[in-house]
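In case you want the letters, here they are:
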Amino acid sequence: MEDVVDELVLIITQYGLDVIGAIIILLVGYILSKRVPITLIKIMNKKGIDPTVSNFVGSLARFTILAMTIIFVLSQFGVQTASLVAIFGAAGLAIGLALQGTLSNVAGGVMLLIFRPMKVGDFVETAGYAGTIKTIGLFTTEMATPDNIQIIIPNGSVWGSAVSNYSFHPTRRMDLVIGIAYEDDIDKAQAVIEKVILADEKSHKDPGPVIEVVELADSSVNFTVRVWCDNGDYFPLKFALTKAIKQTFDKEGISIPFPQSVVHRVTSD
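Residues numbered from 1 in each chain as written. Predicted model: local features only at pLDDT ≥ 70, side-chain atom pairs only at ≥ 80, totals over all residues. Heavy atoms only, no water.

Notes on the overall build of the protein chain
Counting secondary structure elements, the protein chain contains seven helices and eight strands. Counting over 269 residues, the protein chain shows a buried share of 29%. Long-range contacts, defined as pairs at least 24 residues apart, comprise 62% of the intrachain contacts of the protein chain with a sequence gap of at least 6. Here the protein chain displays about 17,800 Å² of accessible surface, and carbon together with sulfur accounts for 62% of that area. (Helix = DSSP H or I, 4+ residues; strand = E, 2+ residues; numbered from the N terminus. Buried < 20%, exposed > 50% of the residue type's maximum accessible area, 1.4 Å probe, protein only. Contact = heavy atoms within 4.5 Å. Areas by Shrake-Rupley, 256 points an atom, 1.4 Å probe, with all protein chains shown as cover.)

Shown next as structure tokens:
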């Protein structure tokens, strides 16, 4: 019995401080793993960063603190943590190489959520697709086409492509090409087009419409018509103006010619 007691005293003497130190490290690491992520998330939310990004960063910080805590505890008992870190690094490298496509999508998602080239509800064209953004996750971006087809694109492809955001600005310019026959009065046609545009409340008066002859084409004299409108009125105004200009041309006797060719027949005696 005395030998057992002596052995316990020896163990406590040799490892008691190490155990106490390890317990303190575990407590501190646990507390930090709880508080640091919460603090980071609050700071990022105050700066207007997307919650998906802030939550991701908070989780990353928590697991990083826990991993460092384990390494410090092991080093407290004399374990060679250098080799352990090297093993973790090699394992991380192997996992990274195996999942490089997935990691690139995660990186692309984080960049999209930080720099915000688009947001949910925007109509955009990117990576060869056009549609309304539904969700932007860490791995994929989901959009719906105008005919309501779901499109899911990896974030790496989105971030690596040009993004045309048609909803970014509150106003848009509409361009129309209107052709009239060579026999028609250009000034009259120009005045008719302007009257039709100004009569529609969706068209902006400042800046006003631009109506100019742009081309003497094979079968028609072509006008370029440029009209500014609110972003949400773009397609309704385009459809309405196209119809109204045609109907008004018919009333005013202005024709929109079909493509035509002049054929000369040469006869010989």
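Read on, since the account is not over.
Things to note about the side chain of D122
Take D122: it is sitting in the loop between helix 4 (100–115) and strand 1 (123–126). A polar contact of 3.0 Å, which involves the side chain of D122, links it to the side chain of N165. Beyond its immediate sequence surroundings of up to four residues, D122 is in contact with G131, T132, I133, N165 and S167. (Polar contact = N/O pair within 3.5 Å; in protein donor to acceptor, adjacent residues only side chain to side chain.)

Here's the deal with the pairing of strand 2 (residues 129–136)
Strand direction decides the pairing type here: strand 1 and strand 2, joined by four bridges, are antiparallel. Within strand 2, the residue paired with E125 across the bridge is A130. In sequence, strand 1 turns back onto strand 2 through a hairpin of two residues, with A127 there showing a positive phi of about 55°. Pairing analysis gives four bridges linking strand 2 to strand 3 (residues 140–144), with the strands arranged antiparallel. Residue pairing across strands places I136 opposite T141, the latter belonging to strand 3. What sits between strand 2 and strand 3 in their antiparallel hairpin is a turn of three residues. (Pairing = 2+ DSSP bridges.)

Observations regarding the confidence of the model for the protein chain
Chain-level statistics for the protein chain give a pLDDT mean of 84 and a share of 80% at 70 or above. The spread of mean pLDDT over the elements of the protein chain runs between helix 3 (residues 81–98), the lowest at 58, and strand 8 (residues 221–230), the highest at 97. (pLDDT = per-residue confidence, 0-100.)

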